[in-house]
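Listed below are the residues making up each chain.
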Amino acid sequence: MRLFVLGSGSSGNCLVAEAEGERIVVDAGIGPVRATARMRELGGELATSRVPLAVLVTHHHGDHAAHAVPIARALRAPLYAHDGLDAPHARAHLDVRSYAPGRPLPLGPFLVETLPVPHDAPHVAVRVSAGGKRFAVATDVGHPTRELRAFLAGCDHVFLEANYCARMLETGPYPTSLRRRVGGPLGHLSNEQAGELARSLVDTRVQSLVLVHVSRANNSPDRALDVVASRVQRMHLELLPQGQPRRFDVVGGAGLRGAEQLSLGF
């Protein structure tokens, strides 16, 4: 299974998963032009003669869903939305299909599973299986839950947010109301929360962990890596900065192989 991460973070989230010649798209926080350019940076084409099986949206915030209609239209793909997503405009122009969080969704070679997570909009973490391999994406998580830990533990590879450093958020440029939203129980994961959740995944099926959705204003790659790495010495760990596309290969028991680097020695 190949993964093309075209965007992660407040600047826009979008991931393309490919297996057995089929594709699904998870989130559409960047538009078709930018997504196409980033896919080409990774040596692929976003639009091909094979229509993706789904453009699946996790929640309605703009960095995840603002470009769902143009992406789905450009790819001629059905748009999958749960009941917490109000999409009248999309329904007027696209093939919009419903999925129920917590209920498995078979899509060709893929099995998509979703888990509601605490956030200030109805939102899900996503787990995708194909060919005996499995990965998950968990961002915009207000606080870790026991259910989320179990959901991630069954994966070979996990994309996990480490959104903010608590000290930088407290002294940073955000107004008080936004600081409270980000750092509250329905906001995002701090480096420390991500680190503790990552620690709970050591000695599970998880072999590889990539930190994503890292704030530019309230965090830094070095801070996030230092905090999480101190808790997961026996797990492959790396970080994907905002705006940097990257391709990964999910390789089962061996974890994950990145197209640009094989491992980091944490």
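Predicted model only: the values in this text are computed from it and were never measured.

Peer 1: I keep staring at the nonpolar core and nothing clicks. Help me out?
Peer 2: Side chains of nonpolar character tend, in soluble globular proteins, to be buried together. Judged by nonpolar contacts, the single largest core of 32 residues is most densely connected at Leu148, Leu152, Leu160, Leu209, Leu211, Val228 and Leu237. At the level of elements, strand S10 (133–138), helix H5 (146–153), strand S11 (157–161), helix H8 (191–200), strand S12 (208–212), helix H9 (221–229) and strand S13 (236–239) are the ones that each hand at least two residues to this core. One finds Leu15, Tyr80, Tyr99 and Val137 within the second-largest nonpolar core, a separate group that totals 28 residues.

Peer 1: What is the right way to look at the pairing of strand S2 (residues 14–19) in this model?
Peer 2: For a regular strand, the rule is simple: side chains alternate between the two faces of the sheet. Counting buried positions along S2 yields six of six residues, so the element is predominantly enclosed. Burial of the side chains of S2 extends over both faces: Cys14, Val16 and Glu18 are buried on one face and Leu15, Ala17 and Ala19 on the other. The pairing of strand S1 (residues 2–7) with S2 spans five bridges and is classified as antiparallel. Its bridge partner being in S2, glycine 7 is matched across the sheet by cysteine 14. From the end of S1 to the start of S2, which pair antiparallel, there are six residues, and glycine 9 there has a positive phi angle of about 115°. Pairing of S2 with strand S3 (residues 22–26), which is carried by five bridges, proceeds in the antiparallel orientation. For alanine 17, the partnering residue across the bridge sits in S3 and is isoleucine 24.

Conventions we followed
Residues numbered from 1 in each chain as written. Predicted model: local features only at pLDDT ≥ 70, side-chain atom pairs only at ≥ 80, totals over all residues. Heavy atoms only, no water. Core = buried A, V, L, I, M, F, W, Y, C linked by side-chain atoms within 4.5 Å. Buried < 20%, exposed > 50% of the residue type's maximum accessible area, 1.4 Å probe, protein only. Helix = DSSP H or I, 4+ residues; strand = E, 2+ residues; numbered from the N terminus. Pairing = 2+ DSSP bridges.

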